[in-house]
Amino acid sequence: MSAQADALAENLRRLRETHGLSLADLSARCGVAKATLFKIERAGTNPTLDTLIAIAETFAVTVPSLITVPEGPAVEVLRAGEGEDISDEASTGQVLRSQVIGAGTLEIHAQTFHEGKVETSPSHGAGSREHIVVKQGTIEVGPVGYEVTLSDGDYATYPADRTHRWQAVHGDARVWIFHTFPRAAPFAE
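Numbering of residues starts from 1 in each chain and follows the order in which that chain's sequence is written. Confidence filtering applies because this is a predicted model: local features only for residues at pLDDT of at least 70, side-chain atom pairs given and counted only at 80 or more, and all residues used for totals across whole chains, interfaces and linings. With hydrogens and water excluded, all non-hydrogen atoms of the structure serve as input to the side-chain values.

1. Looking at the overall build of the chain
Next up, step 1: Summing up its helical and strand segments, the chain has five helices and eight strands in all.
Next up, step 2: Note on contacts: a residue pair qualifies if any of its non-hydrogen atoms lie within 4.5 Å across the two residues. Considering only intrachain contacts with a sequence separation of at least 6, the fraction spanning at least 24 residues in the chain is 63%.
Next up, step 3: Taken as a whole, the chain presents about 10600 Å² of accessible surface, with 53% of it coming from carbon and sulfur. A run of H or I in DSSP counts as a helix once it spans at least four residues, and a run of E counts as a strand once it spans at least two, with each numbered from the N terminus. All accessible-area figures derive from a Shrake-Rupley calculation using a 1.4 Å probe, and residue coverage is judged against the displayed protein chains alone.

Set out below in C-alpha cells:
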C-alpha cells in the first residue's frame, strides 16, 4: 500500500489508543465496521472518503491529518527559561510540556517559589496527582494540613484533588513538578 495508507494506519491506531477505545468502541462511535477499522490499522485496505470523514469527525481532526505523517524532530529541546509562563507573585515558572498519555495527561513545570510567599492551589480534579522533585532549596508542600518539608534532591507525590500549598523556606526553592491528570470520558455519550 502507499505511504498515506501507512500514515493512516499509524494515525488511526494512535488516536484510538489515546482515547482509550477498542476497535469495537470506535466502530460504534463512528459507524464504520470493526473489520474495516481493523484493515485500516494494518494498511490493508483503501477506505472510502465517507469512511475517512466518519473517522475524522469522531476524533475532531481533519481528513488530511489522518493520512499525513506529522513531521517533527526526533528530539525536542526546550531551553531553560522557555515554555509557557505561569509566573505569579509567589513563584516564577514555565509549563515545559503538556501531553496526552494513554488515558490521561502529563504536564511538566519548572518553577521557582519565592521565599516569604505562599501559593495555595485548588483541586486539579479527581484523580490528579503532583510529583515534586526539588532541584535546589527547601520547600513546604502538600495538601493543606499534611504539608511536608523537602530539600535538594527530595521527591514527593500526593493527590492534587484537594487544596494544597507551596511555601519556600530559607530562600527561594527551585522544583520540577510533574502533574498527572486522568482524562475524562473521551466522548460525550
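2. Examining the nonpolar core
Next up, step 1: Counting residues in each nonpolar core, the largest one holds 16 residues, and the members touching the most others are L12, L26, L37, I55 and F59.
Next up, step 2: Mapped by element, the contributors of at least two residues to this core are α1 (3–18), α2 (23–30), α3 (34–41) and α4 (49–59). To qualify as a nonpolar core, a set must consist of buried Ala, Val, Leu, Ile, Met, Phe, Trp, Tyr and Cys residues joined through side-chain atoms within 4.5 Å. Buried residues are those whose accessible area, probed at 1.4 Å on protein chains only, stays under 20% of the maximum for their type, while exposed residues exceed 50% and partly exposed ones sit between those limits.

3. A closer look at the packing of α2 against α3
Next up, step 1: Close contact between α2 and α3 brings their axes to 9 Å; oriented N to C, the two are set at 115°. Between α2 and α3 lies a crossing of right-handed hand. Counting all contacts with α2, which are made through L23, A24, L26, S27 and C30, the residues of α3 involved are K34, L37, F38 and E41. Every axis in this analysis is a line fitted to C-alpha atoms, fitted for helices over the stretch in contact. Angles between the N-to-C directions lie between 0 and 180 degrees. Working rule for handedness: look at the near helix, and if it is turned counterclockwise from the far one by less than a right angle, call the crossing left-handed; if clockwise, right-handed.

4. Some thoughts on unusual backbone geometry
Peptide bonds are, in most cases, trans, and in most cases residues other than glycine have a negative phi.
Next up, step 1: Of note, A60 is a non-glycine position whose phi angle comes to about 55°, a positive value.
Next up, step 2: Summarising the element assignment, A60 is placed in the loop between α4 and α5 (63–66).
Next up, step 3: Positive phi, close to 60°, is recorded for H170, a residue that is not glycine.
Next up, step 4: Within the secondary structure, H170 is located in strand β8 (residues 164–182).

5. A word on the side chain of S121
Next up, step 1: Relative to the helices and strands, S121 is located in strand β4 (residues 118–121).
Next up, step 2: For S121, a relative accessible area of 10% gives the class buried.
Next up, step 3: Sequence-distant contacts of S121, that is, excluding residues within four places in its chain, are made with R162, T163, H164 and W166.

Keep in mind these values describe shape, not function.
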